[in-house]
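# Breakdown of the fold
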Amino acid sequence: MNAVAKVSKFVGDTFSIWVILFALLGFFMPTLFIGLKGQISLLLGIVMFGMGLTLSSADFREVFRRPLDVALGVVGHYIIMPLLAYGLAIALQLPPDIAVGVILVGCCPSGTSSNVMTFLSKGDVALGVSIASVSTLIAPLATPAMISLLAGQWMDISASSLILDILKVVIVPIVLGVIVKSLFRKQAEAATVALPFVSTLAIVLIVSIVVGLNRDKIVETGLLIFLVVILHNGLGYLLGYLFAKAIRMNPAQRKAIVFETGMQNSGLGASLAAAHFNPLAAVPSAIFSVWHNISGSLLATWFARRAAKEEQQTTDWIKK
């Protein structure tokens, strides 16, 4: 079991590398993955089931200890990223499928790796976990509502179909994971050591499938989508920080808000796009999955180094 834990930890710690590698494999060897296009929802369900296995009452403790902070983080997430996506779609005059894809990923709940980035940045992990958990649990209502409101001018949106799909691939697996954990606690805890490996494999397969299915379209519109994704993600971090600062959160809390705002559950975006829209609409989610893990890692490292430098300066000042 120690060997499994070590391999799983290594894969989880190098998540960004695996996402990039499989995205490249999907692009250059699409035939390896396009046959799996019908399994995207199942793969995301596996990730969400794993999330359910790790959830505990402690993850929601902050909701009751600091309800205002958690509520503001969730509201900020579901306002900043969707409106940013809509603004970019209008400003850059994006083609309909790409516009819907960008808005779709903007309306998803917090990303599955946002808590890791908050931890690496020495941010308020408890707050980040609570915001991510709540944003995910309310996604069946919040995500379809925001997509219908913002993407309706490009194409018809069936909110009821989106609600059912999110319940199926997000909420049901999470609930099943929680039930399994409560019934088989020891076995569930033992299994969690393999979760980083399983979750990473599922996410990278989703990315590679989407990239493989849209290889030709990526060649035509890839630079535009990359530009939009980088702007969306970067501005999300910036506005998340400014929002947290405006409501007078401390530095550790601001870091949590930054990552819970700027990082999206892009696997859900890809799954919904593949099921309900043109396959091209899934590409922004796939590229977002690659990019936000790179940018998140870089930003977390910068935050951590800055915090260490400030601590050292404080220590030196005290010694003087």
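Notes on the structure follow. (Residues numbered from 1 in each chain as written. Predicted model: local features only at pLDDT ≥ 70, side-chain atom pairs only at ≥ 80, totals over all residues. Heavy atoms only, no water.)

### Structural notes on the environment of isoleucine 34
Note the threshold: Counting from the N terminus, the helices are the DSSP runs of H or I reaching at least four residues and the strands are the DSSP runs of E reaching at least two. Pairs of residues are marked as contacts when any of their non-hydrogen atoms sit within 4.5 Å.
Here isoleucine 34 shows up in the loop between helix 2 (15–28) and helix 3 (40–54). Put simply, isoleucine 34 and arginine 61 are 27 residues apart on the chain and 42 Å apart in space, counted from C-alpha to C-alpha. In contact with isoleucine 34, other than residues within four places in its own chain, are Gly212 and Leu213.

### A few points about the pattern of salt bridges
Formally: Criterion for a salt bridge: a side-chain nitrogen of Lys or Arg within 4 Å of a carboxyl oxygen of Asp or Glu.
Taken as a whole and judged by the stated rule, the model has 2 salt bridges. The residue aspartate 124 makes a salt bridge to arginine 66 at a minimum N-O spacing of 2.9 Å. In this pair, aspartate 124 sits in the loop between helix 7 (114–120) and helix 8 (125–137) while arginine 66 sits in the loop between helix 4 (61–65) and helix 5 (67–91), placing the two residues 58 residues apart along the sequence.

### What about the nonpolar core?
What counts here: In this description, a nonpolar core means a group of buried Ala, Val, Leu, Ile, Met, Phe, Trp, Tyr and Cys residues linked to one another through side-chain atoms lying within 4.5 Å. When a residue's accessible area, from a 1.4 Å probe over protein chains only, is under 20% of the maximum for its type it is buried; when over 50% it is exposed; and in between it is partly exposed.
If you look at the biggest cluster of nonpolar residues, it comprises 78 residues, and the most contacted ones within it are Val170, Val207 and Leu268. Apart from the residues within four sequence positions on either side, valine 170 is in contact with Met48, Thr136 and Leu268.

### Side note on the side chain of serine 135
We count it as follows: Under this definition, polar contacts are N or O atom pairs within 3.5 Å; protein pairs additionally need one hydrogen-donor-capable and one acceptor-capable atom, and for neighbouring residues in sequence, both atoms have to be side-chain atoms.
With respect to the helices and strands, serine 135 occurs in helix 8. Reaching out from serine 135, the side chain makes a polar contact with the backbone nitrogen of serine 110 at a distance of 3.2 Å. Those residues within four positions of serine 135 in sequence are excluded, and the remaining contacts are Val74, Tyr78, Pro109 and Ser110.

### Details of unusual backbone geometry
You will see that glutamine 93, though not glycine, has its phi angle at about 50°, which is positive. By secondary structure assignment, the location of glutamine 93 is in the loop between helix 5 and helix 6 (96–106). Glutamine 93 gets classed as exposed once you look at its relative accessible area, which sits at 71%. Phi is positive for lysine 122, which is not a glycine, with a value near 65°. Summarising the element assignment, lysine 122 is placed in the loop between helix 7 and helix 8.

### A word on helix 5
Cut-off, in case you're wondering: One less than the number of residues in a helix, times 1.5 Å, gives the span that helix is expected to have.
Taking 1.5 Å of rise per residue, 25 residues should cover 36 Å, and helix 5 covers 36 Å from first to last C-alpha, within 8% of that figure. Phi turns positive one or two residues past the end of helix 5, at glutamine 93, with a value near 50°.

### Some thoughts on the environment of tyrosine 237
Its location among the elements puts tyrosine 237 in helix 13 (residues 215–246). According to the relative accessible area criterion, tyrosine 237 is buried, its value standing at 8%. Between the C-alpha atom of tyrosine 237 and that of arginine 254, which follows or precedes it by 17 residues, the distance is 10 Å. Discounting residues that sit within four places of it in the chain, tyrosine 237 has contacts with Val258, Phe259, Gly262, Met263, His292, Ser295, Gly296 and Leu299.

### A word on the packing of helix 5 against helix 8
Rules: To get an axis, a line is fitted to the C-alpha atoms, and for a helix only the part in contact is used. The angle between two axes follows their N-to-C directions and goes from 0 to 180 degrees. Between 65 and 115 degrees an angle is taken as roughly perpendicular, under 35 as roughly parallel, over 145 as roughly antiparallel, and anywhere else as oblique. In a left-handed crossing the near helix is turned counterclockwise from the far helix by less than a right angle, and in a right-handed crossing that turn is clockwise. Three categories are distinguished: nonpolar for Ala, Val, Leu, Ile, Met, Phe, Trp, Tyr, Cys and Pro, charged for Asp, Glu, Lys and Arg, and polar for the others, with Gly belonging to the last.
Two elements in contact, helix 5 and helix 8, have axes whose closest approach is 9 Å; the angle formed by their N-to-C orientations is 55°. One finds that helix 5 runs oblique with respect to helix 8. Viewed along their axes, helix 5 and helix 8 form a crossing whose handedness is right-handed. In this structure, helix 5 contributes Asp69, Val70, Gly73, Val74 and Tyr78 to the contact, and helix 8 contributes Leu127, Ser130, Ile131, Val134 and Ser135. Across the contact of helix 5 with helix 8, the residue classes break down as 6 nonpolar, 3 polar and 1 charged.

### Considering the packing of aromatic side chains
Quick note on the threshold: We call Phe, Tyr and Trp rings a pair once their centres come within 6.5 Å, taking the six-membered ring for Trp, and we label the pair stacked below 30 degrees between planes, edge-to-face above 60, and tilted otherwise. Both a distance and an angle decide whether a charge sits over a ring: NZ of Lys or CZ of Arg must be within 6 Å of the ring centre and within 35 degrees of the ring normal.
Counted according to the given criterion, the structure contains 6 aromatic pairs. On the basis of an interplanar angle of 85° and a centroid distance of 5.0 Å, the ring pair of phenylalanine 27 and phenylalanine 28 is categorised as edge-to-face. Judged by its relative accessible area of 21%, phenylalanine 27 is partly exposed. Under the relative-accessibility criterion, phenylalanine 28 is labelled exposed at 55%. Seen from their ring centres, tryptophan 302 and phenylalanine 303 are 5.5 Å apart, and the 55° between their planes marks the pair as tilted. Taken together, the ring pairs in this structure connect Tyr237, Phe259, Trp302 and Phe303 into an aromatic cluster. In this arrangement the basic side chain of arginine 215 is found over the ring face of phenylalanine 27, its NZ or CZ atom lying 5.5 Å from the centre.

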